[in-house]
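In case you want the letters, here they are:
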Amino acid sequence: AVATIGIRGTEFWGGFFFAPGALDVTVLKGKGVYVENPQGRVELMPGEGTTITASGAPSPAKVWKDEKLKKAVESVTWQARP
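Position labels on residues start from 1 in each chain and follow its written sequence. Restriction of local features to residues with pLDDT of at least 70 applies here, the model being predicted, together with a cutoff of 80 or more for giving and counting side-chain atom pairs; totals for whole chains, interfaces and linings are based on all residues. Side-chain calculation: all heavy atoms of the structure are included, whereas hydrogens and water are not.

K.L.:
Before we go on, may I ask you to explain the packing of aromatic side chains in this structure?
P.N.:
What characterises a pair of aromatic rings is the spacing of the ring centres plus the angle enclosed by the ring planes. Ring pairs are drawn from Phe, Tyr and Trp, using the six-membered ring of Trp, whenever the two centres fall within 6.5 Å, and their geometry is named by plane angle: stacked under 30 degrees, edge-to-face over 60, tilted for the rest. Under the counting rule described, the total for this entry stands at five aromatic pairs. Measuring from ring centre to ring centre gives 6.2 Å for Trp13 and Phe17, while their planes differ by 85°; the resulting arrangement is edge-to-face. Using a 1.4 Å probe on the protein chains alone, a residue whose accessible area is under 20% of its type maximum counts as buried, one over 50% counts as exposed, and one in between counts as partly exposed. With relative accessibility at 43%, the residue Phe17 sits in the partly exposed group. For the pair Phe17 and Phe18, a centre-to-centre distance of 4.9 Å together with 85° between the ring planes defines the contact as edge-to-face. Owing to a relative accessible area of 30%, Phe18 belongs among the partly exposed residues under this scheme. Through pairs of rings, three or more aromatic residues link up here, namely Trp13, Phe17, Phe18 and Trp64. Two conditions define a charge located above a ring, namely a distance within 6 Å from the ring centre to NZ of Lys or CZ of Arg, and an angle within 35 degrees of the ring normal. Here Arg41 stacks its cationic end above the ring of Tyr34, 3.7 Å away from the centre of that ring. Seen from the ring of Phe18, Lys68 lies directly overhead, with NZ or CZ sitting 4.9 Å from the centre.

This is the structure in structure tokens:
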């Protein structure tokens, strides 16, 4: 376990996608989420993300660039092939 995520009517993305052993979480739309582990807690609003490792606190909330958001969503979006 790396962290607990609290969800409040929100669409979010989370995954071990951008760096080995690091969980990234971002809010896509909605009211926001919190991410916490024994080392700390961070509140995220739409467009913001955090990175968490098993041994560290969630990083401060930071607005993700459009390219990173796009890669995250594409990692879980099914697209029909011609």
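What follows picks up the thread again.
K.L.:
How do you make sense of the sheet that holds strand β7 (residues 62-63) when you look at a structure like this?
P.N.:
Hydrogen bonding along the main chain pairs the strands of a sheet, whether they run parallel or antiparallel. Only when DSSP finds a minimum of two bridges between them are two strands counted as paired. Numbering goes from the N terminus for both helices and strands, where a helix is a DSSP run of H or I of at least four residues and a strand is a run of E of at least two. Read from one edge to the other, the open sheet built from four strands follows the order β2-β3-β6-β7, with strand pairing classed as antiparallel. Edge positions in the sheet fall to β2 (10-15) and β7, since each of these pairs with one other strand and no more. Sheet topology places strand β6 (residues 48-53) next to β7; two bridges connect them, and they run antiparallel. Opposite Gly49, over in β7, you have Lys62 as the bridge partner.

By themselves, these figures tell us nothing about what the structure is for.
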